[in-house]
Amino acid sequence: MTGRVEGKVAFITGAARGQGRSHAVRLAQEGADIIAVDVCGEVGRTAEFYRPATESDLAETVSLVEAQGRKIVSYTADVRDQVSLAAGLDDAVRQLGRLDIVCANAGIFQFGDEVPDLLVSDWNDVIDVNLNGVFNTCKAAIPHIVGGARGGTIVITSSDAGAKGFARFGHYVASKHGVIGLMRTLTMELAPHSIRVNVVSPTNCNTDMIQNEAVYKLFRPDLDVPTFDEFAEASGTLLALPAPWVEPVDVSNAVLFLASDEARFITGVNLPVDGGSSVI
């Protein structure tokens, strides 16, 4: 099956690499033009955990989408800055003529401290990107979809941490629970406009966010210098299926399904892409 989102335009935050890039390419393969945004820089102390995305990363996303024969408009903006995020989107919609799909994907991950020891600045950074950034994304995008009067879909990225607790990253867990609540409210508000709103919730996903020394140590604190294979073994304990993690395209395929007409009566759903993590 091809052309599942043919002629539509998708807005993707955090599109420079990882899941966001994968969503852009996968939707383009199925006929969508893309609006891609990323901060392309450091956010708080996140660079102490994994490297930030760069403008070169975003340029690579542009090349990969164009290689699919689709149009793409990219810009840099921080999802915490509603004004610049919305201004860039407004301009991109003018260029491409419409907006049908929103992938509110941008997020950051920090860990290491129990709640009493969390830095207030770290709490604010994670909540501001992961929850307020989703609000800002939806606030900027919804008028365009409603104005098009063709219906549409919003897919928000949560996490298995949106459904259960994990020690030592309460700010991340709270933010991912929060976007599920926002999805449920948006589902009710936007249904009269034939706009569907859903969440995808991956477990560990094979991107730079987990493939780094800090996360290896988080999963294997018993080792001084955990290896890739030692991390993979520990990460695999999160999944019921025999795998260490999911791949970005696994999440993208779920996003594509939710954005397509195959899911035309699916709204208000938290769809785990987690190899059974949610039942362990």
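Residues numbered from 1 in each chain as written. Predicted model: local features only at pLDDT ≥ 70, side-chain atom pairs only at ≥ 80, totals over all residues. Heavy atoms only, no water.

An unreviewed UniProt entry lists the protein chain under the name Mycofactocin-coupled SDR family oxidoreductase, with Rhodococcus artemisiae given as the organism.

Trainee: I would appreciate a short explanation of the pattern of salt bridges in the present structure.
Mentor: Two side chains that carry opposite charge are able to pair once their charged atoms sit near each other. A complete count under the given rule lists 17 salt bridges for this structure. As a salt-bridge pair, R70 and E6 come within 3.7 Å of each other at their nearest N and O atoms. Separated by 64 residues along the polypeptide, R70 in the loop between α2 (55-66) and β3 (72-76) and E6 in the segment before β1 (9-13) bring together distant segments of the chain. Through salt bridges with shared partners, a single network forms among R17, R51, D57 and D208. (Salt bridge = Lys/Arg side-chain N within 4 Å of Asp/Glu carboxyl O. Helix = DSSP H or I, 4+ residues; strand = E, 2+ residues; numbered from the N terminus.)

Trainee: Explain the layout of surface pockets here, please?
Mentor: Volume-wise, the largest pocket comes out at about 990 Å³. The wall of the largest pocket is formed by 48 residues, among which Y50, G107, I108, T207 and M209 lie closest to the centre. Those elements that place two or more of their residues in the lining of the largest pocket are α1 (18-29), β2 (33-38), α5 (170-190) and α6 (213-219). With three residues, α1 is the single largest residue contributor to the lining of the largest pocket. Together, 14 residues line the second largest pocket, and K8, R150, G151, G152 and D261 are the ones closest to its centre. In terms of residue class, the lining of the second largest pocket is built from two nonpolar, five polar and seven charged. (1 Å grid on protein atoms, 1.4 Å probe; cavity = no way out; pocket = protein on both sides within 12 Å on 5 of 7 lines; lining within 4 Å. Points joined across faces, edges and corners; volume = space filled by probe spheres on them. Nonpolar A, V, L, I, M, F, W, Y, C, P; charged D, E, K, R; others polar.)

Trainee: Help me out: how do you make sense of unusual backbone geometry in this one?
Mentor: Note: most residues except glycine have negative phi, and most peptide bonds are trans. Despite not being glycine, C40 shows a phi value in the positive range, around 50°. Position of C40 relative to the elements: it lies in the loop between β2 and α2. For C40, a relative accessible area of 15% puts it in the buried group. Unusually for a residue other than glycine, S194 sits at a positive phi of about 60°. Residue placement: S194 occurs in the loop between α5 and β6 (195-202). According to the relative accessible area criterion, S194 is exposed, its value standing at 52%. (Buried < 20%, exposed > 50% of the residue type's maximum accessible area, 1.4 Å probe, protein only.)

Trainee: Could you clarify how one ought to interpret the sheet that holds β2 in this entry?
Mentor: Backbone hydrogen bonds are what pair the strands of a sheet, in a parallel or an antiparallel way. With parallel pairing, the seven strands of this open sheet are ordered in space as β3-β2-β1-β4-β5-β6-β7. At either margin of the open sheet sits one strand with a lone partner, and together these are β3 and β7 (270-273). Put simply, the sheet's adjacent strands are angled 15° from each other on average, direction ignored. As paired elements, β1 and β2 share five bridges and run parallel to each other. What sits directly across from V9, in β2, is D33. Against the sheet, helix α4 (residues 120-148) touches β1, β4 (101-104), β5 (152-157) and β6, its axis set at about 170° to β5. (Pairing = 2+ DSSP bridges. Axes fitted to C-alpha atoms, helices over the stretch in contact; angles between N-to-C directions. Contact = heavy atoms within 4.5 Å.)

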